[in-house]
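Secondary and tertiary structure notes
One letter stands for each residue in the lines below.
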Amino acid sequence: MTDPSMQGTPSGTLAERYSLAEIDATCRKATRGAGYPWGLAEEAGKAARWLAARGLPGPEALAGLLTENDGRAYADMQPVHTASGWQAASGRLCPIMAGAALEDRALDLVTDARVYASNLSWPLLLLPFLAQAARLANVGLATGWQDLEVLINPAGIGLNGPRERCLTAHTSRIDIQTADATPCPIPSSALGCPVPAPAWQILDRFSARTYVPASAASRLAGAGAGIHDSD
Amino acid sequence: MGATPQQTTARCRSPDTVMRLARLGSFHQCRLSFMRTLLRRLREEHWQFDRPLWEIDDRGVGRAVYRAKGPRHCYSLVAFSHDLDPALRSDRVIATAWDATFALFDGEPDDADLERLAANVPKQEAGRISDRELSLSRANRSVRLWEHVLERLAEGRQPDAQQVTAVGYLMRTTAVYGCGKFGAADREKYIDRILMRGPFRIEMLSVYLTRAFTLDLVEHLARLRGGERATVIEPRLRRRFGVGNSTGLGMAPFLINHPALLDAWIQARETALARVRAIDKVSPEQLQAFRKSLQQARLNVRQWRTEHPIQIEKIDALRADLATIDAWLEAHPAWPGIRPWDYLYQWAEGALSLEGQEQLVSLMLEPHGDQVDALADHMDADEAAEFAIDGTMRIGELNAILQNHYAWVTQTDYSAPQSMARFWYVSEEKLEPRLGERYREPGAEYEQPLAVGRDAAAVIDALAQWAADTRVADFLLACPQHRHILRRVQMTARHPYAEIRDNLIDQQLLPIDLLRCKLSFFGATRFDPRSDRWIRICMYQGAPFPHELQDLAEDDWSLPALEPAP
């Protein structure tokens, strides 16, 4: 890679800057490649993009999640709402599926005032959905895991605590409650975001599953080759 | 959206009428086309153009910078000119070398920027650009016309006007990548700038400056070849050179992947038509302007060349249609009378082919810039704001939307092989969209979500099992496979022109209809399909060059001039 935007990340691995559009598209295709339906893959792309625009490691978290959930059946992963909150039908709860379910029920956050999710993977990926839910329901939310505190309101999201918690792979329980939250919102940037090479390679590998190899016939039919085009 | 139909008394055409492939594939450029709206804006804001760098040797190799300076921002087209082995010259996206490569730079590049771009831009997809760049593109020479023009100019003679008109350009662009591709700046970086409020402004500006480069380059090389004897092209003939574009399936899924944007484009054009049809009386000047445009359109269709049988048939029909309109005007001296455009349009619906009807729509808008042009400010969409699903909606309401806007899907039997014959996929080789044969080629399990009709039919089926008062959120939790189509359905309730109302995986699908629709909004002319999925067009033919923009009449270039060129 010759791009001068290559830079070191805190963990020391090389990272190339990708545009938000590239992050969105690659994460969407990768999620589809890992077996999620297109509609949820679109949610994953937008979530990773939203995090990346705020300098948060959404693409890395997604790379971790997809590796973990590769090939899992939806029947296993399906979020189920029980008396003790949201959990997966079996195993760990996927933050994309849980996030979509919470966002689709944004107004319930107001009436319920408190929502739990247990055995959740990569909690960072839940945040874009909560931010959207906060906007839809016009409500403030407080959540967090380990020693990371997250405040959300319709204007944005603020994190208090060690940033490395963003890449927490699993939390046994997360507690989301309505709050009079006034975060100091992380500004969003339109200038793209560096993504460490190992994470991008994972996303690329999952994306590649959605590509179809060319055959001689498809090349010919593909765009009308075989017709003189250099006149 | 601000293109408010209630400002008119005539109604917009129904989406069931407009959003059919055969009609969309018959669209023509009009006052709202993006090339025209860009040039109007550049002129209005008194943009200044110059060429701060020109380092091209006698083989045509080197670099140049074209600078556009506006009241608040500046953009620079950085052009790299190459000595291409003729054996490598191909318009297909799988090409790896080109006659010229370009990047549109945000601001003015310094030496380090130019070095960085020189290392990356000539490689196109294999290179990386940065958030300082807004687009990446390339072009190939039209060998026949290039050689002819170069030879003539070197000898001190003008090129042959007929050859210039027939081919229409010295170079063809084969891809113009913007919006964050290959590391370029995301749209969010520039969307708040006044010049950039409109679809494809970056791409249209890049191609506009590219056209100037192609003419400068051929004149420069003629001077080096012919020395003292050489000449430059006479300005009126020079304007007959547009810039070509060769486009394949890569562009086709765009309209389906951007439903809110498609709605904004169609809404603007339909609102324009409705406003014009609502006009009670036209002035003699407006009438005269229409008659002139009609004659220009007749000239345009005479100059339009294609070898593709479908397009030949369509051009023949259009030629006959335009003659029919002329004859009708002759035979109806009482016209215009009251509400002349509405009268004419209603007659045309029964009398003309789709090509003719849509050409007439474009022509009717020509005299009425005061009613039409401001609609160009409403052709963008905030797609991020459209993304969220309304999970609180009840299935009953969803069913009503489906009945209103997706009744067309019930006309297709999706268990029939011909209805499912195709599938859209992304090729591993070039990461470009392609169309496969479902029953003959592998890869359908990786199908892109572009089979809107089939997916809508499937969700209609699935919903039949669900109670009307169930929330969409609960349906989606059980059936996540319908999330994609459900998002579209909810969007279409807000944006009635969002959806193309035809089966996009049918055996009979003509992808060129999708290309034609999009390219007509760009303002392209001379549609020349090379197959059912690959098309050549001409852009900016007749337009003033940057240095002439302030001096020539505003926006009267998009149809060929009636007076003969010298």
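What you see is a predicted model; the values in this text were computed from it and never measured.

1. A few points about the overall build of chain B
Each helix and strand counted, chain B has 20 helices and 11 strands in total. Computed over its C-alpha atoms, the radius of gyration of chain B comes to 24 Å, within 12% of the 24 Å expected for a compact globule of 566 residues. When its C-alpha atoms are laid out on the principal axes, chain B stretches across 85 × 60 × 50 Å. Within chain B, residue pairs in contact and separated by at least 24 positions form 76% of the contacts whose partners lie at least 6 positions apart.

2. Thoughts on the overall build of chain A
In terms of regular secondary structure, chain A is built from nine helices and 11 strands. Counting all 231 residues of chain A, 51% fall into the buried class.

3. Focus on the sheet that holds strand β8 (residues 422-427) of chain B
Spatially, three strands are ordered β11(A)-β8(B)-β9(B) in an open sheet, and the strand pairing comes out mixed. On the outer flanks of this sheet lie β11 (211-212) of chain A together with β9 (433-437) of chain B, each paired with one strand and no other. Across five bridges, the pairing between β8(B) and β9(B) is antiparallel. Paired with Y425(B) across the strands is R434(B), a residue of β9(B).

4. With respect to unusual backbone geometry
Between W335(B) and P336(B) the backbone carries a cis peptide bond, its omega angle lying at 15 degrees. The topology assignment puts P336(B) in the loop between α12 (309-331) and α13 (340-351). The backbone phi angle of Q146(A) is positive, close to 45 degrees, even though this residue is not glycine. Residue position: Q146(A) is located in the loop between β6 (141-145) and β7 (148-153). Exposure remark for Q146(A): the 12 C-beta atoms within 10 Å place this residue in the exposed category. The backbone phi angle of R339(B) is positive, close to 45 degrees, even though this residue is not glycine. Relative to the helices and strands, R339(B) is located in the loop between α12 and α13. Given 18 C-beta atoms within a 10 Å radius, R339(B) is considered partly exposed.

5. Some words on the packing of helix α17 (residues 452-463) of chain B against helix α19 (residues 483-494) of chain B
Residues and elements named next belong to chain B. Orientation of α17 relative to α19, taken along the N-to-C sense of each, is 95 degrees, at an axis distance of 10 Å. Taken together, the axes of α17 and α19 lie roughly perpendicular to each other. Of the residues in α19, those touching α17 at V452, D455, A456 and V459 are I485, L486, R488 and V489.

6. What about the sheet that holds strand β1 (residues 48-56) of chain B?
Across a sheet, paired strands are connected by hydrogen bonds in the backbone, their directions being either parallel or antiparallel. Residues and elements named next belong to chain B. Strand order in the open sheet made by the nine strands is β1-β2-β3-β4-β5-β6-β7-β11-β10, with mixed pairing throughout. Sheet topology places β1 and β10 (525-531) at the edges, where each strand pairs with a single neighbour. The sheet shows a mean angle of 25 degrees between the axes of neighbouring strands, taken without regard to direction. Sheet topology note: the β10/strand β11 (residues 534-539) ladder contains four bridges and is antiparallel.

7. With respect to the interface of chain A and chain B
Residue-level contacts link 44 residues of chain A with 55 residues of chain B. Sorting the residues of the side of chain A that touches chain B by element identifies β2 (14-18), α1 (20-33), α2 (38-53), α5 (95-104), α7 (127-137), β11 and α9 (216-223) of chain A as the ones contributing at least two each. With five residues, α2(A) is the largest single contributor of residues to the side of chain A that touches chain B. Of the residues that constitute the side of chain A that touches chain B, the class distribution is 22 nonpolar, 12 polar and 10 charged. For β11(A) and β8(B), the ladder comprises two bridges, and the chain directions are parallel. Residue pairing for β8(B): Y211(A) is matched across the bridge by V426(B).

8. Details of the packing of helix α16 (residues 395-405) of chain B against α17(B)
All names here are of chain B. In the contact formed by α16 and α17, the axes pass within 11 Å of each other and the chain directions differ by 145 degrees. As for the relative orientation of α16 and α17, their crossing is left-handed in sense. Residue-level contacts link I395, L398, N399 and L402 of α16 to A456, I460 and L463 of α17.

9. Describing α1(A)
Residue and element names in this part refer to chain A. Compared with the 20 Å implied by 1.5 Å per residue over 14 residues, the 20 Å span of α1 between its first and last C-alpha is a close match. When you tally the buried positions in α1, you get 13 out of 14 residues, the bulk of the element. Of the residues trailing α1, G35 is marked for its positive phi of about 110 degrees.

10. A few points about the pairing of β8(B)
The side chains of a regular strand alternate between the sheet's two faces. Most of β8(B) sits inside the fold, with six of its six residues counted as buried. Counted along the chain from β8(B) to the antiparallel partner β9(B), the turn is five residues long, and its residue L431(B) has a positive phi close to 50 degrees.

11. A short note on the nonpolar core
L62(A), A98(A), L130(A) and V218(B) are the most contacted members of the largest nonpolar core, which has 228 residues in total. With 13 residues, helix α7 (residues 201-226) of chain B is the largest single contributor of residues to this core. Apart from residues lying up to four places away in sequence, L62(A) is in contact with C27(A), A44(A), A48(A), L125(A) and L203(A).

12. Details of the domain arrangement of chain B
The extent of an interface is frequently quoted as the accessible surface area lost upon association of the parts. Residue and element names in this part refer to chain B. Under the domain assignment, chain B is made up of domain 1 (34-248), domain 2 (259-379) and domain 3 (383-494). For domain 1 and domain 2, the distance between their C-alpha centres works out to 32 Å. Counting from both sides, the interface comprises seven residues of domain 1 and, opposite them, seven residues of domain 2. Secondary-structure elements contributing two or more residues to the side of domain 1 that touches domain 2 are α3 (34-44) and α6 (161-167).

13. A word on helix α20 (residues 511-522) of chain B
An α-helix turns once per 3.6 residues; consequently, residues spaced three or four apart project the same way. Residue and element names in this part refer to chain B. Taking 1.5 Å per residue, 12 residues should reach 16 Å; α20 reaches 17 Å between its end C-alpha atoms and fits that length. Every buried residue belonging to α20 is among P511, I512, D513, L514, L515, R516, C517, K518, L519, S520, F521 and F522, and all of these are buried. After α20 finishes, the residue G523 shows a positive phi value of roughly 110 degrees.

14. Details of the confidence of the model for chain B
In the predicted model, chain B carries a mean pLDDT of 94, and the fraction of residues at 70 or more is 97%. Note that pLDDT drops below 50 for residues 1-8 of chain B; the model gives that stretch 17 contacts with residues more than four away or on any other chain.

15. Digging into the environment of G35(A)
Residue and element names in this part refer to chain A. Position of G35 among the secondary structure elements: in the loop between α1 and α2. Here G35 falls in the partly exposed class, since 18 other C-beta atoms lie within 10 Å of it. Expressed as a C-alpha distance, the spacing of G35 and Y74, which sit 39 residues apart in the sequence, is 8.9 Å.

16. Digging into the environment of A73(A)
Residue and element names in this part refer to chain A. Tracing the backbone through its elements, the reader meets A73 in the loop between α3 (58-69) and α4 (74-77). A tally of 10 C-beta atoms within 10 Å means that A73 is categorised as exposed. Sequence spacing of A73 and C166 is 93 residues, and the spatial spacing of their C-alpha atoms is 26 Å.

Procedures and definitions
- Every chain begins its residue count from 1, and numbering advances along the sequence as written.
- Chain letters start at A and ligand numbers start at 1, both assigned in the order the entries are written.
- For a predicted model such as this one, the threshold for reporting local features is a pLDDT of at least 70, and the threshold for listing and counting side-chain atom pairs is 80 or more; totals across whole chains, interfaces and linings nevertheless cover every residue.
- Helix and strand definitions follow DSSP, with helices as H or I runs of at least four residues and strands as E runs of at least two, each counted in order from the N terminus.
- Atoms considered for the radius of gyration are the C-alpha atoms alone. The globule rule reads 2.2 Å times the number of residues to the power 0.38.
- Distance between backbone-placed C-beta atoms decides contact: two residues are in contact if it is within 7 Å.
- Neighbour density around each residue's C-beta defines its exposure: 20 or more other C-beta atoms within 10 Å make it buried, 12 or fewer make it exposed, and counts between make it partly exposed, where C-beta atoms are placed from the backbone.
- Only strands joined by at least two bridges in the DSSP assignment are considered to pair.
- Only the stretch in contact is used when fitting a helix axis, every axis being a line fitted to C-alpha atoms; angles between N-to-C directions are given from 0 to 180 degrees.
- When describing relative orientation, an angle under 35 degrees is termed roughly parallel and one over 145 degrees roughly antiparallel, while 65 to 115 degrees is termed roughly perpendicular and anything else oblique.
- Side-chain classes are defined by residue name, with Ala, Val, Leu, Ile, Met, Phe, Trp, Tyr, Cys and Pro counting as nonpolar, Asp, Glu, Lys and Arg as charged, and the others, Gly among them, as polar.
- For any helix crossing, the convention is left-handed if the near helix is rotated counterclockwise from the far helix by under a right angle, and right-handed if that rotation is clockwise.
- Multiplying 1.5 Å by the helix residue count minus one yields the expected span of that helix.
- Here, a nonpolar core denotes buried Ala, Val, Leu, Ile, Met, Phe, Trp, Tyr and Cys residues that are linked to one another through C-beta atoms within 7 Å.
- For the purposes of this description, domain bounds are those given by an automatic or database domain assignment.
- Every residue gets a pLDDT, meaning the predictor's confidence in that residue, from 0 to 100.

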